[in-house]
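# Residue-level structure breakdown
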Amino acid sequence: MINKHRKPRKIVVITGGAGFIGSHLCDFLIARNYKVICLDNLITGNKENIKHLLKFSHFMFRKVDITKHFEIKGKVDFVLHFASPASPITYLAHPIQTLKVGALGTHNCLGLAKAKKARFLLASTSEIYGDPKEHPQKESYWGNVNTIGPRAVYDEAKRFAEAITMAYYNNHNINTKIVRIFNTYGSRMRIDDGRAVPNFIIQALRNKPLTIQGTGKQTRSFCFITDLIEGIFKLMNSQMNEPVNLGNPIELSIKDLANMIIKLANSKSKITYLSLPQDDPQRRRPDITKAKRCLNWQPRVKLESGLKITISWFKSFYYK
Ligand code: UDP
């Protein structure tokens, strides 16, 4: 619950704070009385996502491009680095920005954490496993990434981000954490984000054909946003410094996802098949043994329940 009268305690800088995951993290931390400094250059983030927080004195928004040097005045306890285009469509629309925010942006954020003696948390991704040859993916798996493929601008930026984070941990004694985020869904995903969940929901609500790329037999494992945020919160307050997978281990095919969304949205939509984008991973499922053991975390929201909530949000947001 939001308590406006208690004195704010820890000070958190969140980059990408106006994005899908970043804004949910802002909500969560503001509700727990953290002081939040939200940074975003609004390339893919949206001020609408955080406008309800602007009334709080312990919330601050700054439009900043973190790929360039930036400064924050005063004490900082945590730097949570979530800035990056994150869906195939958005990182392909901003390939250089994606590489820069993963490389230069991460470097600047680590510099900030070092100067402030703050904890640092990097939002990494299951994409660092590429099109995995090990299944499910454990944190010990090194991945299978095409360094010059279309997804490389995101995958390699995040791989670099992990490497420089570990270098700061090992050489500068910064208390760093790395979360490898698997497919996550929920309110505030962009309508033009191009990912399966928002695409299918919008198509189903409009009774238009759902666009399956490839055969639809490729799999993903979808985690609801509130589960992910709880895991991130546990990680940032944990002793863990090695990468941790956070995601829902329940795997399903994209075709099953499409049919489930048609049913839950009471839609008349059919399915249409498009070609599969290059290097699209065939299977993806997190092994979350480490998160269970070290963070006592596992997802609680069933896909059907999370999708119902997400469908209602898209309905009210786009059809009000
Ligand atoms: N996908 C699809 N139709 C769409 C959007 C995505 O079939 O309209 C497929 C995509 O090819 C991939 C899976 O759904 O196999 C998940 O894609 P998404 O972009 O959501 O995330 P990814 O896990 O690939 O980053």
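The present account deals with the structure reproduced in this document. (Residues numbered from 1 in each chain as written. Predicted model: local features only at pLDDT ≥ 70, side-chain atom pairs only at ≥ 80, totals over all residues. Heavy atoms only, no water.)

## Some thoughts on the site of the ligand
- Taken together, the neighbourhood of the ligand is formed by 18 residues, with Thr211, Gln213, Arg220, Asp280 and Arg284 sitting nearest.
- One of the side-chain N or O atoms of Arg220 is found 2.6 Å from an oxygen atom in the ligand.
- Taking Arg284, its side chain carries an N or O atom lying 2.7 Å from an oxygen atom of the ligand.
- Protein chains shield 96% of the accessible area of the ligand, which is 510 Å² for the free molecule.
- Taken together, the elements giving at least two residues each to the shell around the ligand come down to helix H5 (196-205) and strand E8 (210-213).
- Here the residues of the shell around the ligand sort into six nonpolar, six polar and six charged. (Near = heavy atom within 4 Å. Polar contact = N/O pair within 3.5 Å; in protein donor to acceptor, adjacent residues only side chain to side chain. Areas by Shrake-Rupley, 256 points an atom, 1.4 Å probe, with all protein chains shown as cover. Helix = DSSP H or I, 4+ residues; strand = E, 2+ residues; numbered from the N terminus. Nonpolar A, V, L, I, M, F, W, Y, C, P; charged D, E, K, R; others polar.)

## A few points about the sheet that holds strand E2 (residues 35-40)
- Within the open sheet, the seven strands sit side by side as E3-E2-E1-E4-E5-E6-E11. Their pairing is parallel. Of all the strands in the sheet, just strand E3 (59-63) and strand E11 (244-246) have a single pairing partner and so form its edges. Across the sheet, the mean angle separating the axes of adjacent strands is 20 degrees when strand polarity is ignored.
- Where strand E6 (residues 176-181) meets E11, three bridges bridge the pair, whose relative direction is parallel. Following the sheet pairing, Ile181 is matched in E11 by Leu246.
- Along the sheet, helix H4 (residues 152-172) makes contact with strand E5 (119-125) and E6, crossing E5 at roughly 155 degrees.
- Against the sheet, helix H6 (residues 225-236) touches strand E4 (78-81), E5, E6 and E11, its axis set at about 160 degrees to E6. (Pairing = 2+ DSSP bridges. Axes fitted to C-alpha atoms, helices over the stretch in contact; angles between N-to-C directions. Contact = heavy atoms within 4.5 Å.)

## Quick look at the packing of H5 against helix H9 (residues 303-318)
- Across the interface, H5 lies against H9 with an axial gap of 10 Å and an inter-helix angle of 60 degrees. Comparing their axes, H9 and H5 come out oblique. The two elements H5 and H9 meet at a crossing, and its hand is right-handed. Here Val197, Pro198, Ile201, Ile202 and Leu205 of H5 come into contact with H9, specifically with Leu307, Thr310, Ile311, Phe314, Lys315 and Tyr318. (Parallel < 35°, antiparallel > 145°, perpendicular 65-115°, else oblique. Left-handed = near helix turned anticlockwise from the far one by under 90°.)

## Points about H9
- In a regular helix each residue adds 1.5 Å, so 16 residues correspond to 22 Å; H9 covers 22 Å between its end C-alpha atoms and thus fits that length.
- Turning to H9, its buried residues are Leu303, Gly306, Leu307, Thr310, Ile311, Trp313 and Phe314. For H9, the arc enclosing every buried residue in end-on projection is 160 degrees, short of the 170-degree limit, so these residues lie on one face. (Expected span 1.5 Å × (residues − 1). Buried < 20%, exposed > 50% of the residue type's maximum accessible area, 1.4 Å probe, protein only. Arc of directions from axis to C-beta.)

## Observations regarding unusual backbone geometry
- In this chain, His135 is followed by Pro136 through a cis amide linkage whose omega measures -10 degrees.
- Structurally, the position occupied by Pro136 is in the loop between E5 and H4.
- Within the chain, Asn33 stands out as a residue other than glycine whose phi angle is a positive 70 degrees.
- Examined against the element boundaries, Asn33 turns out to sit in the loop between helix H1 (20-31) and E2.
- Here the phi dihedral of Asp279 falls at roughly 65 degrees; this positive angle occurs in a residue that is not glycine.
- Relative to the elements of secondary structure, Asp279 occurs in the loop between strand E13 (271-274) and helix H8 (289-295).

## Points about the packing of aromatic side chains
- Scanning all chains against the criterion turns up nine aromatic pairs.
- Measuring from ring centre to ring centre gives 4.6 Å for Tyr91 and Tyr154, while their planes differ by 10 degrees; the resulting arrangement is stacked. In this pair, Tyr91 sits in helix H2 (residues 88-93) while Tyr154 sits in helix H4, placing the two residues 63 residues apart along the sequence.
- With 6.0 Å between their ring centres and 40 degrees between their planes, Tyr129 and Phe182 make a pair best called tilted. With Tyr129 in the loop between E5 and H4 and Phe182 in the loop between E6 and strand E7 (184-185), this pair connects stretches of sequence that are 53 residues apart. (Phe/Tyr/Trp six-rings, centres within 6.5 Å; stacked < 30°, edge-to-face > 60°.)

## Concerning the packing of helix H7 (residues 254-264) against H9
- Orientation of H7 relative to H9, taken along the N-to-C sense of each, is 55 degrees, at an axis distance of 10 Å. Compared by their axis directions, H7 and H9 come out oblique. Judged by the sense of rotation from one axis to the other, the crossing of H7 with H9 is right-handed. Of the residues in H9, those in contact with Leu257, Met260, Ile261, Lys263 and Leu264 of H7 are Leu303, Glu304, Leu307, Lys308 and Ile311.

## Some thoughts on the environment of His24
- Within the element layout of this structure, His24 appears in helix H1.
- Residue His24 is classed as buried on the basis of its relative accessible area of 13%.
- Residues His24 and Leu228, 204 residues apart in the sequence, show an inter-C-alpha distance of 9.7 Å.
- Here His24 is in contact with Ser187, Arg188, Ile225 and Ile229, once residues within four sequence places are set aside.

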